[in-house]
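Descriptive analysis of the structure
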Amino acid sequence: MKRIILTIKLFLVSVLFSSLAAAAGGGYPLDEANVDPSDQASLQRGAKYYQNFCAGCHATQYQRYERVADDLGIPHDLMMENLVLDKSAKIGNLMHNSMDPKEAKVWFGAAPPDLTLVSRVKGGPDWLYTYLRTFYEDPSRPYGVNNKVFPDVGMPHVLLELQGVQIDNCGDTDPTARDPLTGDKICGLTIDPERKGSMTSAEYDQMAYDLTNFLAYSAEPMQEQRKQLGIYVFLFLAVFLVFAYLLKREFWKDVH
Ligand code: HEC
(Lines give C-alpha, C1' and ligand atoms only; values in the text may rest on other atoms or scores of the structure.)
Protein backbone atom coordinates (compact mmCIF):
# COMPACT_ATOMS: atom_id res chain seq x y z
CA MET A 1 0.00 0.00 0.00
CA LYS A 2 2.79 2.36 1.03
CA ARG A 3 4.54 1.71 -2.24
CA ILE A 4 1.46 2.60 -4.26
CA ILE A 5 1.09 5.89 -2.39
CA LEU A 6 4.77 6.64 -2.95
CA THR A 7 4.44 5.92 -6.67
CA ILE A 8 1.42 8.22 -6.93
CA LYS A 9 3.29 10.97 -5.10
CA LEU A 10 6.32 10.63 -7.35
CA PHE A 11 4.08 10.72 -10.39
CA LEU A 12 2.33 13.90 -9.22
CA VAL A 13 5.63 15.61 -8.46
CA SER A 14 7.05 14.73 -11.87
CA VAL A 15 3.89 15.98 -13.63
CA LEU A 16 4.10 19.22 -11.68
CA PHE A 17 7.76 19.75 -12.55
CA SER A 18 7.40 18.92 -16.21
CA SER A 19 4.46 21.29 -16.59
CA LEU A 20 6.40 24.03 -14.80
CA ALA A 21 9.33 23.52 -17.15
CA ALA A 22 7.01 23.61 -20.14
CA ALA A 23 5.33 26.80 -18.89
CA ALA A 24 8.71 28.49 -18.49
CA GLY A 25 9.87 27.67 -22.00
CA GLY A 26 6.54 28.11 -23.76
CA GLY A 27 6.78 24.45 -24.78
CA TYR A 28 10.10 24.93 -26.57
CA PRO A 29 12.76 22.56 -25.22
CA LEU A 30 15.36 24.50 -23.24
CA ASP A 31 19.06 23.80 -23.67
CA GLU A 32 21.04 23.33 -20.49
CA ALA A 33 23.38 26.19 -19.73
CA ASN A 34 25.25 24.52 -16.82
CA VAL A 35 26.45 27.87 -15.52
CA ASP A 36 29.62 27.87 -13.46
CA PRO A 37 30.10 30.84 -11.12
CA SER A 38 33.68 29.75 -10.39
CA ASP A 39 34.73 30.20 -14.03
CA GLN A 40 36.15 33.72 -13.79
CA ALA A 41 37.41 33.87 -17.37
CA SER A 42 33.89 33.15 -18.64
CA LEU A 43 32.38 35.72 -16.24
CA GLN A 44 34.86 38.37 -17.38
CA ARG A 45 34.03 37.72 -21.03
CA GLY A 46 30.33 37.75 -20.13
CA ALA A 47 30.70 41.14 -18.42
CA LYS A 48 32.49 42.50 -21.49
CA TYR A 49 29.80 41.25 -23.89
CA TYR A 50 27.07 42.45 -21.56
CA GLN A 51 28.48 45.98 -21.33
CA ASN A 52 29.08 46.12 -25.09
CA PHE A 53 25.86 44.64 -26.41
CA CYS A 54 23.22 44.90 -23.71
CA ALA A 55 23.94 47.78 -21.32
CA GLY A 56 22.94 50.35 -23.97
CA CYS A 57 19.31 49.36 -23.43
CA HIS A 58 19.21 47.38 -20.17
CA ALA A 59 20.23 48.38 -16.66
CA THR A 60 21.46 46.04 -13.95
CA GLN A 61 20.75 48.62 -11.31
CA TYR A 62 20.85 46.34 -8.27
CA GLN A 63 24.52 45.75 -8.92
CA ARG A 64 27.52 48.08 -8.62
CA TYR A 65 30.47 48.37 -11.02
CA GLU A 66 32.86 48.04 -8.12
CA ARG A 67 31.39 44.80 -6.86
CA VAL A 68 31.48 43.27 -10.35
CA ALA A 69 35.10 44.37 -10.80
CA ASP A 70 36.12 42.92 -7.41
CA ASP A 71 34.19 39.66 -7.74
CA LEU A 72 35.44 39.04 -11.26
CA GLY A 73 39.04 40.08 -10.59
CA ILE A 74 38.98 43.07 -12.98
CA PRO A 75 41.24 46.01 -11.93
CA HIS A 76 39.19 49.18 -11.27
CA ASP A 77 40.93 51.27 -13.93
CA LEU A 78 40.35 48.63 -16.63
CA MET A 79 36.74 48.35 -15.55
CA MET A 80 36.21 52.12 -15.80
CA GLU A 81 38.02 52.39 -19.13
CA ASN A 82 36.49 49.46 -20.95
CA LEU A 83 33.32 48.35 -19.27
CA VAL A 84 31.57 51.49 -18.06
CA LEU A 85 29.70 53.25 -20.85
CA ASP A 86 28.62 56.25 -18.81
CA LYS A 87 31.84 58.28 -18.55
CA SER A 88 30.48 60.43 -15.70
CA ALA A 89 29.88 57.33 -13.57
CA LYS A 90 32.08 56.45 -10.59
CA ILE A 91 33.24 52.95 -9.77
CA GLY A 92 30.91 52.78 -6.75
CA ASN A 93 27.80 53.64 -8.81
CA LEU A 94 24.89 51.33 -9.42
CA MET A 95 24.80 50.01 -12.99
CA HIS A 96 22.05 52.34 -14.20
CA ASN A 97 21.16 53.03 -17.76
CA SER A 98 20.26 56.31 -19.35
CA MET A 99 17.51 55.10 -21.66
CA ASP A 100 14.18 56.78 -21.00
CA PRO A 101 11.64 53.98 -20.41
CA LYS A 102 8.84 56.04 -22.00
CA GLU A 103 10.74 56.54 -25.24
CA ALA A 104 11.89 52.93 -25.21
CA LYS A 105 8.28 51.82 -25.02
CA VAL A 106 7.55 53.79 -28.20
CA TRP A 107 10.56 52.29 -30.00
CA PHE A 108 10.25 48.66 -28.96
CA GLY A 109 6.66 48.31 -27.72
CA ALA A 110 8.05 47.55 -24.26
CA ALA A 111 10.73 49.13 -22.10
CA PRO A 112 13.86 46.97 -21.72
CA PRO A 113 13.53 45.50 -18.21
CA ASP A 114 16.29 45.53 -15.63
CA LEU A 115 18.38 42.37 -16.01
CA THR A 116 20.02 42.03 -12.59
CA LEU A 117 17.69 39.23 -11.59
CA VAL A 118 16.53 38.02 -14.98
CA SER A 119 18.23 34.64 -14.71
CA ARG A 120 16.05 33.88 -11.70
CA VAL A 121 12.67 35.28 -12.68
CA LYS A 122 12.38 33.82 -16.16
CA GLY A 123 12.76 30.04 -16.16
CA GLY A 124 16.37 30.19 -14.90
CA PRO A 125 19.72 30.33 -16.72
CA ASP A 126 18.61 27.61 -19.16
CA TRP A 127 15.82 29.88 -20.37
CA LEU A 128 18.19 32.81 -20.80
CA TYR A 129 20.74 30.71 -22.66
CA THR A 130 18.07 29.37 -25.00
CA TYR A 131 16.57 32.85 -25.44
CA LEU A 132 19.88 34.28 -26.66
CA ARG A 133 20.25 31.46 -29.19
CA THR A 134 16.74 31.22 -30.60
CA PHE A 135 16.09 34.49 -32.40
CA TYR A 136 14.91 33.69 -35.93
CA GLU A 137 13.75 35.58 -38.98
CA ASP A 138 10.09 36.53 -38.96
CA PRO A 139 9.12 39.25 -41.47
CA SER A 140 5.77 39.77 -39.71
CA ARG A 141 7.53 41.31 -36.68
CA PRO A 142 8.56 45.00 -36.52
CA TYR A 143 12.29 44.19 -36.31
CA GLY A 144 12.06 41.18 -38.61
CA VAL A 145 12.86 38.69 -35.83
CA ASN A 146 10.98 36.55 -33.37
CA ASN A 147 12.10 34.31 -30.55
CA LYS A 148 11.33 30.71 -29.70
CA VAL A 149 11.06 31.09 -25.92
CA PHE A 150 9.73 34.67 -25.91
CA PRO A 151 7.14 34.74 -28.70
CA ASP A 152 6.61 38.21 -30.23
CA VAL A 153 9.45 39.71 -28.22
CA GLY A 154 9.97 43.47 -28.56
CA MET A 155 13.77 43.22 -28.41
CA PRO A 156 15.63 43.31 -31.73
CA HIS A 157 18.22 40.58 -32.27
CA VAL A 158 21.19 42.66 -31.17
CA LEU A 159 23.68 39.83 -31.78
CA LEU A 160 22.55 39.23 -35.36
CA GLU A 161 25.84 40.32 -36.92
CA LEU A 162 27.65 37.74 -34.85
CA GLN A 163 25.21 34.86 -35.15
CA GLY A 164 23.93 35.36 -38.66
CA VAL A 165 20.29 35.03 -39.71
CA GLN A 166 18.53 31.98 -38.34
CA ILE A 167 15.61 30.53 -40.22
CA ASP A 168 12.88 28.44 -38.71
CA ASN A 169 12.36 25.44 -40.93
CA CYS A 170 9.31 24.40 -39.00
CA GLY A 171 7.89 21.23 -40.45
CA ASP A 172 10.64 20.85 -43.05
CA THR A 173 13.08 19.03 -40.80
CA ASP A 174 10.74 16.41 -39.42
CA PRO A 175 7.04 17.22 -39.88
CA THR A 176 6.01 14.45 -37.53
CA ALA A 177 8.05 15.67 -34.57
CA ARG A 178 5.69 16.95 -31.89
CA ASP A 179 6.14 18.13 -28.34
CA PRO A 180 4.72 15.36 -26.13
CA LEU A 181 3.20 17.90 -23.72
CA THR A 182 1.71 20.60 -25.91
CA GLY A 183 1.35 18.72 -29.21
CA ASP A 184 3.08 21.65 -30.98
CA LYS A 185 5.37 20.97 -33.89
CA ILE A 186 9.02 20.90 -32.92
CA CYS A 187 10.85 23.16 -35.29
CA GLY A 188 14.52 23.34 -36.11
CA LEU A 189 16.51 26.56 -36.43
CA THR A 190 19.38 26.76 -38.88
CA ILE A 191 21.67 29.56 -39.98
CA ASP A 192 21.01 30.74 -43.51
CA PRO A 193 24.22 29.84 -45.38
CA GLU A 194 23.88 33.04 -47.45
CA ARG A 195 23.71 35.27 -44.38
CA LYS A 196 26.24 33.88 -41.93
CA GLY A 197 27.47 35.88 -38.96
CA SER A 198 31.02 36.73 -38.00
CA MET A 199 31.13 33.90 -35.45
CA THR A 200 30.88 30.15 -35.94
CA SER A 201 27.96 28.57 -34.14
CA ALA A 202 30.32 27.11 -31.52
CA GLU A 203 31.78 30.57 -30.85
CA TYR A 204 28.31 32.06 -30.68
CA ASP A 205 27.14 29.40 -28.21
CA GLN A 206 30.19 30.11 -26.07
CA MET A 207 29.34 33.79 -26.07
CA ALA A 208 25.69 33.09 -25.17
CA TYR A 209 27.00 30.88 -22.37
CA ASP A 210 29.36 33.59 -21.07
CA LEU A 211 26.53 36.14 -21.10
CA THR A 212 24.23 33.72 -19.28
CA ASN A 213 26.96 32.92 -16.78
CA PHE A 214 27.48 36.62 -16.10
CA LEU A 215 23.76 37.32 -15.61
CA ALA A 216 23.41 34.24 -13.40
CA TYR A 217 26.30 35.58 -11.30
CA SER A 218 24.64 38.98 -11.22
CA ALA A 219 21.40 37.50 -9.86
CA GLU A 220 23.29 35.87 -7.01
CA PRO A 221 26.79 37.27 -6.54
CA MET A 222 27.20 35.37 -3.27
CA GLN A 223 26.74 31.96 -4.87
CA GLU A 224 30.41 30.96 -4.78
CA GLN A 225 30.85 32.04 -1.15
CA ARG A 226 27.57 30.38 -0.22
CA LYS A 227 28.74 27.04 -1.57
CA GLN A 228 32.12 27.30 0.15
CA LEU A 229 30.49 28.25 3.41
CA GLY A 230 28.22 25.23 3.06
CA ILE A 231 31.26 22.95 2.94
CA TYR A 232 32.69 24.55 6.11
CA VAL A 233 29.36 24.14 7.86
CA PHE A 234 29.28 20.44 7.04
CA LEU A 235 32.90 20.01 8.15
CA PHE A 236 32.06 21.74 11.43
CA LEU A 237 29.03 19.52 11.92
CA ALA A 238 31.12 16.42 11.26
CA VAL A 239 33.70 17.43 13.88
CA PHE A 240 30.98 18.50 16.30
CA LEU A 241 29.33 15.12 15.92
CA VAL A 242 32.37 13.42 17.47
CA PHE A 243 32.23 15.62 20.56
CA ALA A 244 28.45 15.36 20.81
CA TYR A 245 28.77 11.59 20.71
CA LEU A 246 31.50 11.49 23.34
CA LEU A 247 29.44 13.77 25.56
CA LYS A 248 26.38 11.58 25.14
CA ARG A 249 28.41 8.54 26.13
CA GLU A 250 29.67 10.35 29.21
CA PHE A 251 26.15 11.39 30.27
CA TRP A 252 24.59 7.98 29.78
CA LYS A 253 27.48 6.01 31.24
CA ASP A 254 25.96 5.73 34.71
CA VAL A 255 22.38 5.28 33.56
CA HIS A 256 22.95 2.01 31.69
C1 HEC B 1 18.10 47.90 -28.61
C2 HEC B 1 17.79 47.73 -27.22
C3 HEC B 1 18.14 46.40 -26.59
C4 HEC B 1 19.39 45.81 -26.50
C5 HEC B 1 20.71 46.35 -27.02
C6 HEC B 1 19.21 44.58 -25.74
N7 HEC B 1 17.88 44.43 -25.40
FE8 HEC B 1 17.12 42.93 -24.29
N9 HEC B 1 15.27 43.75 -24.44
C10 HEC B 1 14.96 44.92 -25.11
C11 HEC B 1 13.54 45.17 -24.99
C12 HEC B 1 12.81 46.36 -25.59
C13 HEC B 1 13.00 44.10 -24.23
C14 HEC B 1 11.53 43.90 -23.83
C15 HEC B 1 10.90 43.00 -24.82
C16 HEC B 1 9.44 42.71 -24.54
O17 HEC B 1 9.00 42.78 -23.39
O18 HEC B 1 8.75 42.39 -25.52
C19 HEC B 1 14.11 43.22 -23.91
C20 HEC B 1 13.97 42.04 -23.21
C21 HEC B 1 15.03 41.24 -22.82
C22 HEC B 1 14.90 40.04 -22.02
C23 HEC B 1 13.60 39.48 -21.45
C24 HEC B 1 13.49 40.00 -20.07
C25 HEC B 1 12.14 39.84 -19.42
O26 HEC B 1 12.12 39.72 -18.19
O27 HEC B 1 11.12 39.88 -20.11
C28 HEC B 1 16.15 39.55 -21.85
C29 HEC B 1 16.54 38.29 -21.07
C30 HEC B 1 17.05 40.40 -22.55
N31 HEC B 1 16.34 41.43 -23.13
C32 HEC B 1 18.42 40.19 -22.62
C33 HEC B 1 19.28 40.99 -23.34
C34 HEC B 1 20.69 40.73 -23.47
C35 HEC B 1 21.45 39.58 -22.78
C36 HEC B 1 21.21 41.68 -24.28
C37 HEC B 1 22.61 41.80 -24.78
C38 HEC B 1 23.10 40.71 -25.57
C39 HEC B 1 20.11 42.58 -24.64
N40 HEC B 1 18.96 42.12 -24.06
C41 HEC B 1 20.23 43.71 -25.45
C42 HEC B 1 15.86 45.75 -25.75
C43 HEC B 1 17.20 45.52 -25.89
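An account of the accompanying structure is given in this report. Source: prediction; values computed, not measured. (Residues numbered from 1 in each chain as written. Predicted model: local features only at pLDDT ≥ 70, side-chain atom pairs only at ≥ 80, totals over all residues. Heavy atoms only, no water.)

1. Focus: the nonpolar core
Here is a general trend for soluble globular proteins: nonpolar side chains tend to be buried in one another's company. Cut-off, in case you're wondering: Working definition of a nonpolar core: buried Ala, Val, Leu, Ile, Met, Phe, Trp, Tyr and Cys residues. They are joined through side-chain atoms within 4.5 Å. Only protein chains enter the area calculation, which uses a 1.4 Å probe; residues under 20% of their type maximum are buried, those over 50% are exposed, and those in between are partly exposed. To qualify as a helix, a DSSP run of H or I must reach at least 4 residues; to qualify as a strand, a run of E must reach at least 2; elements of each kind are numbered from the N terminus. Whether two residues are in contact is decided by their heavy atoms, any of which lying within 4.5 Å being enough.
By size, the foremost hydrophobic cluster in this structure holds 41 residues, and its most contacted members are Tyr50, Leu72, Met79, Leu211 and Phe214. Among the elements of the structure, α2 (40-54), α3 (65-72), α4 (76-83), α7 (124-133), β3 (135-137) and α9 (201-219) are those that each provide at least two residues to this core. Considering every element that reaches this core, the biggest residue donor is α9, with 8 residues. Once you skip the residues sitting within four places of it in the chain, Phe214 turns out to touch Leu43, Gly46, Ala47, Tyr50, Val68 and Leu72.

2. Here we look at the coordination of the iron atom of the ligand
For clarity, the threshold we go by: Coordinating donors are taken to be N, O and S atoms lying within 2.8 Å of the metal, or within 3.2 Å when the metal is Na, K or Ca; because water is excluded from the atom set, some sites may appear incomplete. Only four donors with every angle between 85 and 135 degrees are called tetrahedral; only four or six donors with opposite donors over 155 degrees apart and all others between 65 and 115 are called square planar or octahedral, in that order; all others are irregular.
Bound to the iron atom of the ligand are the protein donor atoms His58 (NE2) and Met155 (SD), situated 2.0 to 2.1 Å from the metal. Considering all 6 donor atoms around the iron atom of the ligand, the spread of angles at the metal, 88 to 180°, places the coordination shape in the octahedral class. You can see His58 sitting in the loop between α2 and β1 (60-64) and its partner Met155 sitting in the loop between β4 (145-147) and α8 (160-163), a full 97 residues away along the chain. With a relative accessible area of 22%, Met155 lands in the partly exposed category.

3. With respect to the site of the ligand
The criterion, for reference: Each residue is tested against the molecule or strand, and it is near if at least one of its non-hydrogen atoms lies within 4 Å. We call two N or O atoms a polar contact when they sit within 3.5 Å, provided that within protein one can donate a hydrogen and the other can accept it, with sequence-adjacent residues counted only if both atoms are side-chain atoms. All amino acids are sorted into three groups, where Ala, Val, Leu, Ile, Met, Phe, Trp, Tyr, Cys and Pro are nonpolar, Asp, Glu, Lys and Arg are charged, and the leftover types, Gly among them, are polar.
Every one of the 22 residues lining the ligand counts as a neighbour, but Cys54, Cys57, His58, Gly154 and Met155 are closest to it. Interatomic distance of 2.8 Å between a side-chain N/O atom of His58 and a nitrogen atom of the ligand. The side chain of Lys122 places a nitrogen or oxygen atom 3.4 Å from an oxygen atom of the ligand. Only α2 and α7 provide two or more residues apiece to the shell around the ligand. Ranked by the residues each element gives to the shell around the ligand, the list is headed by α7, at 4 residues. Partitioning the shell around the ligand into residue classes produces 19 nonpolar, 2 polar and 1 charged.

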